[in-house]
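Here is how the chains run, residue by residue.
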There are 2 protein chains.
Amino acid sequence: MKLERILPIIGWLPAYRRADAGRDLVAAVLVTVMLIPQSLAYALLAGLPPQVGLYASILPLVLYALFGSSSNLSVGPMAIVALMTAAVLAPLFEAGSEAYITGAIILALLSGLMLILMGCMRLGFLANFLSHPVISGFMTASALVIIASQVKHLLGIPASGYNLLDLLVSMGPGLGNIHALSLVTGGGVLVFLLLARRLLPGVIGKLAPIAAVAITILLARWLDLEQQGLAVVGFIPSGLPALSLPSLSMGASDFHLWKPMLVGALLISVVGFVESVSIAQTLAARRRQRIDPNQELIGLGAANLGAGVSSGMPVTGGLSRSVVNFDAGARTPASSFYAAVGITAATLTLTPLIADLPKATLAATIIVAVAGLIDLPALRRTWRYSKPDFGAMLATITLTLVHSVEAGILAGMGLSIGLFLYRTSQPHSAVIGRVPGTEHFRNVERHKVELCPRVTFLRIDESLYFANARFLEDRVMELVAGQPEMTDLVLVCPAVNLVDASAMESLETINERLTDAGVRLHLSDVKGPVMDQLKATPLLEKLSGRVFLSAFDAWRALNTSI
Amino acid sequence: MKLERILPIIGWLPAYRRADAGRDLVAAVLVTVMLIPQSLAYALLAGLPPQVGLYASILPLVLYALFGSSSNLSVGPMAIVALMTAAVLAPLFEAGSEAYITGAIILALLSGLMLILMGCMRLGFLANFLSHPVISGFMTASALVIIASQVKHLLGIPASGYNLLDLLVSMGPGLGNIHALSLVTGGGVLVFLLLARRLLPGVIGKLAPIAAVAITILLARWLDLEQQGLAVVGFIPSGLPALSLPSLSMGASDFHLWKPMLVGALLISVVGFVESVSIAQTLAARRRQRIDPNQELIGLGAANLGAGVSSGMPVTGGLSRSVVNFDAGARTPASSFYAAVGITAATLTLTPLIADLPKATLAATIIVAVAGLIDLPALRRTWRYSKPDFGAMLATITLTLVHSVEAGILAGMGLSIGLFLYRTSQPHSAVIGRVPGTEHFRNVERHKVELCPRVTFLRIDESLYFANARFLEDRVMELVAGQPEMTDLVLVCPAVNLVDASAMESLETINERLTDAGVRLHLSDVKGPVMDQLKATPLLEKLSGRVFLSAFDAWRALNTSI
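Every value quoted in this text rests on a predicted model; they were computed, and no experiment measured them.

Novice: So what exactly am I meant to see when it comes to the overall build of chain A here?
Specialist: Scanning chain A from terminus to terminus reveals 26 helices and eight strands. Principal axes of the C-alpha set define a box for chain A whose edges measure 100 × 60 × 55 Å. By residue count, 57% of the 562 residues in chain A fall in the buried class. In chain A, the share of contacts with a sequence separation of at least 24, taken over all contacts with a separation of at least 6, comes to 80%. Element-wise, carbon and sulfur atoms account for 65% of the exposed surface of chain A, whose accessible area totals about 22700 Å². With 39 positive and 36 negative side-chain charges, chain A shows a separation of 9 Å between the mean positions of the two kinds.

Structural data, given as structure tokens:
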């Protein structure tokens, strides 16, 4: 049972039947056909030779099939992770150099180690600290940056940078020199893909990218378009990568590289994990299955280690491929395994053809793929619902567009947490009264309620902890100062889920101050776990009043005792 | 009214009477007498010439009297802030050099600017993020470090460092060479001060330090103890400091100094502010007055700017002096102003005498003063009440003792916030039932309650936000999976104080999934502010069930409708 959790394959392999294999195989063929152009394209996006994308689509898939917990997740190169990889490596290594490629391999290894470590420490819950608006904003902004980064291939002009601002500025001077053939090729593929998406829903539409790749390769060969200045992928070594670890012998002067590499690997890990888990959970829920986030960490970690030892790039789950895998009826992770076999066959046989693949084709494929990540209505929705959430979202988008993906995601995470702390540090509280004829108590300012003379009921609408303990002291003393005839104060605590040591001291302080002022302090609706904690302290002995089960009990007792 | 908030003196000066002046003067004399030895001692502790402590006790007091909001706070040099000043400056500048003294002045200026800025931005609430256990642990550990740092003066041996570990290790080699005269002087003063504290409670006891200073000066002069190797304070320039700004012309090579200086100034500001505010609030509460934390930021900021322009060191409110000020009956901040006049007189007349003051006397004064900050029972109290709070406290103490004050306070703050986030990210929830014969609902596992067939009541004991939204989804789907006969689920939300955009999406997801599963979703006890928010979303339209005022309303409606 426990071994099965660590190695999920033990659970499903013994029950694997021929019918399962049939459905898995169909799904695997579709995934393979999608994965070939995607892996080439995302390698290009990451600034890496195209074969690196293929390498990252073999061993990682096999390892995920062994260690992953989702039956449907299709791991491999993915657009946003490719962009983040480029953003980390570009400032550190010369573009296209051996060091740059080694850098990508090291990023995959570091990311794999970090994910496995987080999985072993059961830190899967940390992914929850990326709020939905921040993730949504980050995806939208990253997609815009990715699209801008591909425009240069469509126009055949130079451009550089890893944010929208840099890309647009660097593209400016070249705009007078647009290369017509690139534009025709890329524009043609773009229109073809968009039409296919519109007119051919379902499985056939998914074949459009591979068709575009095949057609443009044939056209480029036949018309010898490279001679006319069309940029093509160029020579790719045939065969499979040797399993190896990159050489880590660095001089003391390279020591400064480790910090950005570690930070980059961490952010790639977190973003890749959050993306994968949300895909896997959405798909699992449709079949009433569940995903173990900690096991997902281990599965993704193993996949990235696999990428690292087979000369690949960082990988994670891809949305479109996973949905196809699911819709085609994949039953088990074996479908991933079959897809790895498919990519192996492609790597062994098709690499000579890929040399003539126009870069503009790949750019158009990327643009169509990431356009689906842009969710502008989410901005309006979030604005209407919650201004603080919108603020965090806008900061994420803005920083991603004008500075960098790292800055965007970090700012979003920091702001979300900061805003939550700020909100809980200034808690809501309400004087409440009895809804006539019931045992129910509500806010005097919102409902018609009965009040009890000389007894005030104050409902605290927040857990009590260090950040708001002082606010409670202030609120109580303000109430007491405003009602000289008060003899009893009941703190109604249905929303107090936690009383930490700081708040405990504040309650003692309040009790003392009220006693000095001739007011008895009572508590009501104290929850079980909080009550257990209070019993360990001297507060209950020192309390000038009583602890009631409910506000109504307090009302009955205090109303008659007067 | 508004001007009065910025310049509180406008409020009290017009009503100032002769009787007030009398009490303020008495208090000021006592504060002055305490402040002279303290300011000399804390300058020594900060590694600064003694007159810097005196300078920091003149203009800062005047400015605080103008801008501060507490009638009783006595600002000036303070032990922990002095230790932090030394810890920031020691790695950056040569001990005792001009640059070191300039560094202290710059720290005071930076700290002043930061405090005023925080006050203008109304960031006073930020101080609440230092939890009581962290503050208490930090004070205890700092006091231990301070005491260890003074032992060298008592023993007449060399020692260095700004944490307990370094101090003890560096003291080791000197232990064979203890200087008997230093030990006799320091030990004598120590015993004298401890006896005075024990036997002379009240005002007379507060005079013991100045008496010790006077007596040891006279003995040192009379017996020429400096000739016999007793370390004395040495020559102090007479007269008042000129008002000036330090020269900030630094070469490019000094650029690296700014970061530690800025971080140091920020931590000094925060610690000084938290300490001052809690002293001021405690004293204000005794007279049923209130303190405006944002105005305190401005008052303390002005005081530190004052210290910076008059060659002083960073200042903050001191506990013992403030309590004496309060007990002696100070009525208004004018008492601070009178104390400034007293220190001015002392600086002008007494400096020639201070040259013969033994350092061992000051060390003993410091030890007795900070011993009161050590609160070991707080460790046991916190351990018993809350293990997470204890963890944060222990980390603060350990890091302060073995690494540095900065590390201690930062770790404590970070851990407190992290623990709170962790706790709220894994929220408590309970299936509840009706307490028979009442309208009150409690946890089925803790109370004898009635259940309603086919209707489950789930009480959520936490605000819903991004960090726990996914937990709620899991909890609900788990419940539904375990009870196939369920037709209605009521989410009882008295403890839900906030539903952010991420949790909103989770609620929509839950509603969809339950609809698929043939279960209606209802809400009850939704609070006013949360209801206002929900109304702005499509959830209420899409909701498969209803929103009830209370769990009992839902019980009545759903029980009869079956």
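Novice: What's the story with helix H12 (residues 208-223) of chain B in this structure? I'm lost.
Specialist: Think of an α-helix as turning once every 3.6 residues; residues three or four places apart then point the same way. All names here are of chain B. Under the 1.5 Å per step criterion, the end-to-end length of H12 is 22 Å for 16 residues, consistent within 8% with the ideal 22 Å. Each element contacted by the buried residues of H12 is listed here: helix H3 (18-45), helix H10 (180-199), helix H11 (203-206), helix H17 (351-354) and helix H18 (359-371). Once H12 ends, the next one or two residues include Asp224, with phi positive near 50 degrees.

Novice: What is the right way to look at the interface of chain A and chain B in this model?
Specialist: Accessible area lost upon the coming together of the parts is a frequently used measure of interface size. On the side of chain B, 72 residues touch chain A, which itself brings 72 residues to the contact. For the chain A face of the interface with chain B, the top three residues by lost area are Tyr385, Phe466 and Arg470 of chain A, together amounting to 14%. Seen at the junction of chain A and chain B, the total is four salt bridges. For Asp532 of chain B, the salt bridge is made with Arg446 of chain A, and the minimal N-O distance between the two is 3.0 Å. Counting across the interface, chain A meets chain B through 21 residue pairs in polar contact (both at pLDDT 80 or more). Put simply, the parts of the chain that give the side of chain A that touches chain B at least two residues each are helix H8 (132-155), helix H13 (258-286), helix H19 (377-385), helix H21 (405-425), helix H22 (466-482), helix H23 (501-516) and helix H24 (528-534) of chain A. Here the element with the most residues in the side of chain A that touches chain B is H21 of chain A; it accounts for eight residues. Looking at the side of chain A that touches chain B, its residues break down into 28 nonpolar, 23 polar and 21 charged.

Novice: Any chance you could explain the nonpolar core here in plain terms?
Specialist: If you look at soluble globular proteins, the nonpolar side chains tend to sit buried side by side. Within the largest apolar cluster, 115 residues are counted, with the highest numbers of intra-cluster contacts made by Leu48 and Ile80 of chain B. Looking at which element gives the most residues to this core, the answer is helix H13 (residues 258-286) of chain B, with 13 residues. Beyond its immediate stretch of four places on either side in the chain, Ile80 of chain B contacts Phe138, Met139, Ser142, Ile146, Val271 and Leu373 of chain B. Grouped together as the second largest cluster of nonpolar side chains are 98 residues, Leu35, Leu45, Val233 and Leu373 of chain A included.

Novice: Even after reading the chapter, I still don't get the relation of the copies chain A and chain B, so can you show me in this structure?
Specialist: Note that the two copies of the chain are related through a rotation about an axis and a translation along the same axis. Structural alignment of chain A on chain B gives an RMSD of 0.0 Å, achieved by rotating through 180 degrees and translating 0.0 Å along the axis. One copy is carried onto the other by what is essentially a two-fold rotation axis. Scanning chain A for the C-alpha nearest the rotation axis identifies Ala495 of chain A, at a separation of 1.8 Å. When the interface residues of chain A are mapped onto chain B, 100% of them again fall at the interface, so both copies present the same face.

Novice: How should I be thinking about empty space enclosed by the protein in this particular structure?
Specialist: By rolling a water-sized probe across the atoms, one finds the places where empty space is left. Evaluation of the coordinates by the stated rule reveals 13 cavities of 30 Å³ or more. In this model, the largest cavity occupies a volume close to 520 Å³. His440 and Asp525 of chain A together with His440, Pro494 and Asp525 of chain B are, among the 27 residues lining the largest cavity, the residues nearest its centre. Looking at the lining of the largest cavity residue by residue, the classes come out as 13 nonpolar, four polar and ten charged.

Novice: What's the story with the packing of aromatic side chains in this structure? I'm lost.
Specialist: Both the distance between ring centres and the angle between the ring planes are used here to describe each pair of aromatic rings. All names here are of chain A. For the structure shown, the criterion picks out 15 aromatic pairs over all chains. Centre to centre, the rings of Phe441 and Trp555 are 5.7 Å apart; their planes meet at 70 degrees, and the pair counts as edge-to-face. Here the residue Phe441 occupies a position in strand S4 (residues 441-443), and Trp555 occupies one in helix H26 (residues 551-561), the gap between them amounting to 114 residues. Across the pair, Trp555 and Phe441 agree in class, each one buried. Ring geometry for Tyr465 versus Phe466: centroids 5.0 Å apart, planes at 75 degrees, classification edge-to-face. In this structure, Tyr465 and Phe466 share a single accessibility class: buried.

Novice: Mind showing me how you'd approach a nonpolar patch on the surface here?
Specialist: Residue and element names in this part refer to chain A. On the surface, Val191, Leu195, Leu199, Leu200, Ile204 and Leu207 cluster together to form a nonpolar patch covering roughly 540 Å² of accessible area. Broken down by element, the nonpolar patch gets its largest block of residues, three residues, from helix H10 (residues 180-199). Of the residues examined, Leu200 reaches a relative accessible area of 38% and is grouped as partly exposed.

Novice: For this particular structure, what's the right way to read the pattern of salt bridges?
Specialist: Opposite charge on two side chains makes pairing possible when the charged atoms of those side chains draw close. Throughout the structure, instances matching the rule amount to 18 salt bridges over all chains. A salt bridge links Lys527 of chain B to Asp461 of chain A; the shortest N-O distance between them is 3.2 Å. Residue Lys527 of chain B is found in the loop between strand S7 (520-524) and helix H24 (528-534), and its partner Asp461 of chain A is found in the loop between strand S5 (455-460) and H22; the two belong to separate chains. A single burial state applies to Lys527 of chain B and to Asp461 of chain A, both of which are buried. Each of Arg459 and Asp461 of chain A together with Lys527 of chain B takes part in salt bridges that share partners, so that together they form one network.

Novice: Honestly, the sheet that holds strand S6 (residues 488-492) of chain B in this entry has me stumped. Any pointers?
Specialist: For sheets, the rule is that strands pair by backbone hydrogen bonds, running either parallel or antiparallel. Residue and element names in this part refer to chain B. Taken together, six strands build an open sheet; the order of strands is S4-S3-S5-S6-S7-S8 and the sheet is mixed. Each edge of the open sheet is held by one strand with a lone partner, namely strand S4 (441-443) and strand S8 (547-548). Across four bridges, the pairing between strand S3 (residues 429-434) and strand S5 (residues 455-460) is antiparallel. Note on S5: the bridge partner recorded for Ala430 is Arg459.

Novice: Looking at this structure, I do not really get the environment of Ser278 of chain B. What am I missing?
Specialist: Among the secondary structure elements, Ser278 of chain B is positioned in helix H13. Note: C-alpha distance between Ser278 of chain B and Ile291 of chain B (13 residues apart in sequence) is 9.6 Å.

Novice: Could you clarify how one ought to interpret the pairing of S3 of chain B in this entry?
Specialist: For a regular strand, side chains alternate in direction, first toward one face of the sheet and then toward the other. Residue and element names in this part refer to chain B. Of all the six residues making up S3, six are buried; the element is thus mostly covered by neighbouring parts of the structure. Here S3 shows no split at all, with Ser429, Val431 and Gly433 on one side and Ala430, Ile432 and Arg434 on the other all buried. Where S3 and S4 come together, three bridges link them in antiparallel fashion. Each bridged residue has a counterpart across the sheet, and for Ile432 the counterpart in S4 is Asn443. If you look at the hairpin formed by S3 and S4, you'll find six residues sitting between the two strands, and Gly437 has a positive phi there, around 80 degrees.

Novice: Would you mind going over the side chain of Ser276 of chain B with me for this structure?
Specialist: Tracing the chain through its elements places Ser276 of chain B in helix H13. Setting aside residues no more than four positions away along its own chain, Ser276 of chain B makes contact with Leu73, Leu300, Thr316 and Gly317 of chain B.

Novice: What exactly am I supposed to notice about the environment of Leu534 of chain A here?
Specialist: Counting through the fold element by element, Leu534 of chain A comes out in helix H24. Sequence separation of Leu534 of chain A and Leu113 of chain A is 421 residues, and the distance between their C-alpha atoms is 43 Å. For Leu534 of chain A, the residues in contact, after removing those within four places along its chain, are Met504, Leu523, Val526, Leu539 and Leu540 of chain A together with Tyr385 of chain B.

Novice: Sorry, what's going on with the packing of helix H3 (residues 18-45) of chain A against helix H12 (residues 208-222) of chain A here?
Specialist: How two helices pack is summed up by the angle between their axes together with the distance between the axes. Residues and elements named next belong to chain A. Axis separation between H3 and H12 bottoms out at 8 Å; the angle between their running directions is 55 degrees. By the criterion of interaxial angle, the relationship of H3 to H12 is oblique. Here the hand of the crossing between H3 and H12 comes out left-handed. Of the residues in H12, those in contact with Val33, Ile36 and Pro37 of H3 are Pro209, Ile210 and Val213. Partitioned by chemical class, the residues of the contact of H3 with H12 number six nonpolar, no polar and no charged.

Rules used throughout
- Residue numbering note: each chain is counted from 1, following its sequence as written.
- Chains carry letters and ligands carry numbers; both start at the beginning, A for chains and 1 for ligands, and go up in the order they are written.
- The predicted origin of the model limits local features to residues at a pLDDT of at least 70 and limits the giving and counting of side-chain atom pairs to 80 or more, whereas totals for whole chains, interfaces and linings rest on all residues.
- The basis for every side-chain value is the complete set of heavy atoms in the structure, and neither hydrogens nor water enter the calculation.
- By the criteria applied, helices consist of DSSP H or I runs no shorter than four residues and strands consist of E runs no shorter than two, each listed in order from the N terminus.
- Summary of the burial criterion: residues with accessible area below 20% of their type's maximum are buried, those above 50% are exposed, and those between are partly exposed, where the area comes from a 1.4 Å probe applied to protein chains only.
- Whether two residues are in contact is decided by their heavy atoms: any pair within 4.5 Å suffices.
- To measure how exposed things are, a 1.4 Å probe is used in the Shrake-Rupley method; for residues, cover is taken only from the protein chains shown.
- Residues counted as positive are Lys and Arg, residues counted as negative are Asp and Glu, and His and the chain ends are not counted.
- For the purpose of locating charges, the reference atoms are NZ of Lys, CZ of Arg, CG of Asp and CD of Glu.
- For a helix, the expected span equals 1.5 Å multiplied by the number of residues minus one.
- Buried area: the accessible surface (1.4 Å probe) lost by two parts on joining, summed over both.
- By definition, a salt bridge exists where a carboxyl oxygen of Asp or Glu is found within 4 Å of a side-chain nitrogen of Lys or Arg.
- Two N or O atoms form a polar contact when they lie within 3.5 Å of each other; inside protein one atom must be a possible hydrogen donor and the other a possible acceptor, and for residues adjacent in sequence the pair counts only when both atoms belong to side chains.
- The classification used treats Ala, Val, Leu, Ile, Met, Phe, Trp, Tyr, Cys and Pro as nonpolar, Asp, Glu, Lys and Arg as charged, and all other residues, Gly among them, as polar.
- We define a nonpolar core as any set of buried Ala, Val, Leu, Ile, Met, Phe, Trp, Tyr and Cys residues linked to one another through side-chain atoms lying within 4.5 Å.
- For this overlay, a least-squares fit was computed on C-alpha atoms, restricted to residues scoring pLDDT of at least 70 in both copies.
- Cavities and pockets were defined on a 1 Å grid built from protein atoms only: a cavity is a group of points that admits a 1.4 Å probe but offers it no way out, a pocket is an open group of points flanked by protein on both sides within 12 Å along at least five of seven lines, and a lining residue is one with an atom within 4 Å of any such point.
- Grid points are joined across faces, edges and corners, and a volume is the space filled by probe spheres set on the points.
- In summary, the pairing rule links any two rings of Phe, Tyr or Trp, Trp by its six-membered ring, whose centres are within 6.5 Å, and it sorts them by plane angle into stacked for under 30 degrees, edge-to-face for over 60 and tilted for everything else.
- Grouping into patches uses exposed residues only, defined as over 30% relative accessible area, and leaves out salt-bridged ones; the cut-off is 9 Å for like charges and 5 Å for nonpolar side chains (Val, Leu, Ile, Met, Phe, Trp, Tyr).
- In this description, strands pair whenever DSSP reports at least two bridges between them.
- Working convention: axes come from line fits to C-alpha atoms, limited for helices to the stretch in contact. Angles between N-to-C directions cover 0 to 180 degrees.
- Relative orientations are named as follows: roughly parallel for angles under 35 degrees, roughly antiparallel for angles over 145 degrees, roughly perpendicular for angles from 65 to 115 degrees, and oblique for any other angle.
- Should the near helix be turned anticlockwise from the far one by less than a right angle, the crossing is left-handed, and should it be turned clockwise, the crossing is right-handed.

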